[in-house]
Amino acid sequence: MATACGARDDREPDTGPGDPARKGADVSTVGLRMINGCGTCERKETLGAVNSTAMPGPFMVNGTDDAALGWDAINWRKAERDVTRLRRRIFAAERAGDSKKVASLQRLMLRSRANTLVSVRRVTQQNAGRATAGVDGQVALTSRDRAELADRLQRSTAPWQALPVKRVYIPKGNKKLRPLGIPPIADRAQQNRVRNALEPQWEARFETRSYGFRPGRGCHDAIEAVFQTASGRGATRLWCLDFDLEAAFDHIDHDHLLSLLAGFPGLGLVRKWLKAGVIENGVLSPTGEGTPQGGRTWPGSPVLVRYADDGLVFCRDAGQAQQVKQQLQRWLEPRGLAFNQAKTKIVHLDDGVDFLSFTIRRFGAKLIIKPSAEAIARFRAKTRTAVRSCYGANAAAVLKTLAPVNRGWAAYQRTVVSSAVYAWPAATSARSTPPGPTGGSSVTVRLAPTCRNSPGRRSNGM
């Protein structure tokens, strides 16, 4: 529709000079003519999933809130649905063995505006590390910054330049430190775009009993698989190879990994990220092996349950477990991996084995899974630290600090035999200043779960 000065209405899709607007045209793929006063200026809409009916007009082209307005008006349900549909098509094509169709759909995913928007939203708005910057010090915490980042990723035509990751360390359960690599925010968004193209292909290939870093799977699924394998009077695989890989993420062979991705349209991007290097204490170090942290199937009787670099192989006897260990060693060597000998052992389930913070042990014909002693000690230490940090605080502040700790513990352990641990009788007192102008008072906190659906006794808080 033309305006008084002869220009098209700002909400009308531009299908080309002199052409009428297509009925029901998708504004995610066409340009918009936007009105500023009596003059017109034309630009391509950068936020592809924006619903034109949700954007008021006329509105400013060069205004400071233009990008933020577009980001907040995106139809996220539609964008997520588009990405999910394309992931399912990639999965189905891989299952059917149609490699050409898989590559074609992956290229479509890498060019998808919906994929770009969903990826930027995930790393800048949903992930817990959204406020953590990489070596460039950049974050995207406002709608305008997120819109500009999505625009840059979608419209960039120059080869992508991967920046080094920033090395940080977090504590491990054995009092050691685990190295983590933090990529810049733009690389994280780009990596999520690639993940959406690559993940469904490999989900169709992975073995069914691998649970680490896979969509829709978690620790509780791995424990359920353990229970199904080793429980009951008829269980025959009572010997277990408990293995852990030595610095698995630090020693993965790059050449072998890239050879597995042959034919993937985003292979060049993966290669750049693997070779980007690491910056630690201001010093750049090349990465010849390993990946920054952020299988095998046997046709015989042994059963593997694996979560990332930890796993259990259930066997019929100790000799078979030793044979499986030797086979695994030969399989790991060309991939640059090896067992952590200090943590790898062969045990009988009557003696028990620890896996994912649970202790798995048979008592006669019954398999009992309960929280491990190390997990209990970590929970007590965390609770002790939380209570000590509240010295001088009132009761409300103490409960606010302890509630997430108790809730997280209860939620993780609720699926196993944990009632005795939940009923742990020890109580912790949080000392504070005597009652006075600050309102401080002494409070005794019962360490019981606050999760509504968790088993065990619930606490009234005091």
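Residues numbered from 1 in each chain as written. Predicted model: local features only at pLDDT ≥ 70, side-chain atom pairs only at ≥ 80, totals over all residues. Heavy atoms only, no water.

Visitor: What is the right way to look at the overall build of the protein in this model?
Guide: The number of helices and strands found in the protein is 14 helices and 16 strands. Across the 462 residues that make up the protein, the buried fraction comes to 44%. When the accessible area of the protein is evaluated, it comes to approximately 24,700 Å², of which 52% is carbon and sulfur surface. (Helix = DSSP H or I, 4+ residues; strand = E, 2+ residues; numbered from the N terminus. Buried < 20%, exposed > 50% of the residue type's maximum accessible area, 1.4 Å probe, protein only. Areas by Shrake-Rupley, 256 points an atom, 1.4 Å probe, with all protein chains shown as cover.)

Visitor: For this particular structure, what's the right way to read the packing of helix H4 (residues 113-126) against helix H6 (residues 185-203)?
Guide: Two quantities define a packed helix pair, namely the angle between the helix axes and the distance between the axes. Running from amino to carboxyl end, H4 crosses H6 at an angle of 130°, the nearest separation of the two axes being 8 Å. Overall, the two elements H4 and H6 adopt an arrangement that is oblique. In this structure, H4 meets H6 at a crossing whose hand is right-handed. Taking contact as the criterion, the partners of Asn-115, Thr-116, Ser-119, Val-120, Arg-122, Val-123 and Thr-124 in H4 are, on H6, Ile-185, Arg-188, Ala-189, Asn-192, Arg-193, Arg-195 and Asn-196. A per-class count over the contact of H4 with H6 returns four nonpolar, six polar and four charged. (Axes fitted to C-alpha atoms, helices over the stretch in contact; angles between N-to-C directions. Parallel < 35°, antiparallel > 145°, perpendicular 65-115°, else oblique. Left-handed = near helix turned anticlockwise from the far one by under 90°. Contact = heavy atoms within 4.5 Å. Nonpolar A, V, L, I, M, F, W, Y, C, P; charged D, E, K, R; others polar.)

Visitor: Would you take a moment to explain the environment of Lys-345 for this structure?
Guide: In this structure, Lys-345 sits in strand S11 (residues 345-348). A residue is classified by how much of its surface remains accessible, and Lys-345, at 40% relative accessible area, is partly exposed. When the C-alpha atoms of Lys-345 and Ala-321 are compared, they prove to be 9.6 Å apart, with 24 residues separating the residues in sequence. Other than its neighbours up to four places away in sequence, Lys-345 contacts Cys-240, Leu-241 and Asp-242.

Visitor: Any chance you could explain helix H10 (residues 267-274) here in plain terms?
Guide: Residue pairs three or four apart in sequence face the same way in an α-helix, which turns once every 3.6 residues. Buried within H10 are the following residues: Leu-267, Leu-269, Val-270, Trp-273 and Leu-274. What you see down the axis of H10 is that its buried residues fit within an arc of 160°, all on one side. The elements touched by buried residues of H10 are H6 and helix H9 (254-260). (Arc of directions from axis to C-beta.)

Visitor: Could you clarify how one ought to interpret the sheet that holds strand S14 (residues 366-371) in this entry?
Guide: Think of a sheet as strands paired side by side through backbone hydrogen bonds, with each pair either parallel or antiparallel. Taken in spatial order, the three strands make up an open sheet running S12-S13-S14, and their pairing is antiparallel. Pairing within the sheet leaves two strands with one partner each, and these edge strands are strand S12 (353-355) and S14. For this sheet the average axis-to-axis angle between neighbouring strands, irrespective of direction, equals 30°. (Pairing = 2+ DSSP bridges.)

Visitor: How should I be thinking about the confidence of the model for the protein in this particular structure?
Guide: Caution applies to low-pLDDT parts of the model: their predicted coordinates are not meant to be read in detail. Across the protein, the average pLDDT comes to 76, with 70% of residues at 70 or higher. Across the protein, element-level confidence peaks in helix H2 (residues 76-95) with a mean pLDDT of 96 and bottoms out in strand S2 (residues 31-36) with 34. Below pLDDT 50 for its whole length, residues 1-64 participates in 97 contacts with residues either more than four positions away or in separate chains. Between residues 426-462, whose pLDDT stays under 50, and residues either more than four places distant or in other chains, the model counts 80 contacts. (pLDDT = per-residue confidence, 0-100.)

Visitor: Is there a simple way to think about the pattern of salt bridges in this case?
Guide: If charged atoms from side chains of opposite charge come close, those side chains can pair. Inspection of the entire model under this criterion finds 11 salt bridges. Between Asp-151 and Arg-155 there is a salt bridge whose closest N-O contact spans 3.4 Å. Pair noted here: Asp-151 and Arg-155 are both in helix H5 (residues 143-155), with a separation of four residues, about one helical turn. Note on Asp-151: relative accessible area 22%, which makes it partly exposed. Classification of Arg-155 by relative accessible area gives partly exposed; the value is 46%. Residues Arg-214 and Glu-203 are paired through a salt bridge, measuring 3.0 Å at the closest nitrogen-oxygen approach. Taken together, the positions of Arg-214 in the loop between H6 and helix H7 (219-230) and Glu-203 in helix H6 put the pair 11 residues apart, joining distant regions of the chain. Summarising the burial analysis for this pair, Arg-214 and Glu-203 share the class buried. A single salt-bridge network, built from bridges that share partners, covers Lys-78, Asp-82 and Arg-85. (Salt bridge = Lys/Arg side-chain N within 4 Å of Asp/Glu carboxyl O.)

Visitor: In this structure, what is going on with unusual backbone geometry? I would like to understand it.
Guide: Among all residues save glycine, negative phi is the norm, and among peptide bonds the norm is trans. Even without being a glycine, Leu-356 presents a positive backbone phi close to 55°. By secondary structure assignment, the location of Leu-356 is in the loop between S12 and strand S13 (358-363). Unlike most non-glycine residues, Ser-357 shows phi in positive territory, near 70°. Structurally, Ser-357 can be placed in the loop between S12 and S13. Judged by its relative accessible area of 24%, Ser-357 is partly exposed.

Visitor: Teacher, can you tell me more about the packing of aromatic side chains here?
Guide: Each aromatic ring pair is characterised by the separation of its centres together with the angle its planes make. Overall, the coordinates contain five aromatic pairs when judged by the stated rule. Consider the rings of Trp-202 and Phe-206, whose centres lie 6.0 Å apart with planes at 45°: the pair is tilted. Seen from the ring of Trp-202, Arg-205 lies directly overhead, with NZ or CZ sitting 4.4 Å from the centre. Positioned over the ring face of Trp-331 is Arg-335, at 3.9 Å from the centre of the ring. (Phe/Tyr/Trp six-rings, centres within 6.5 Å; stacked < 30°, edge-to-face > 60°. Lys NZ or Arg CZ within 6 Å of the ring centre and 35° of its normal.)

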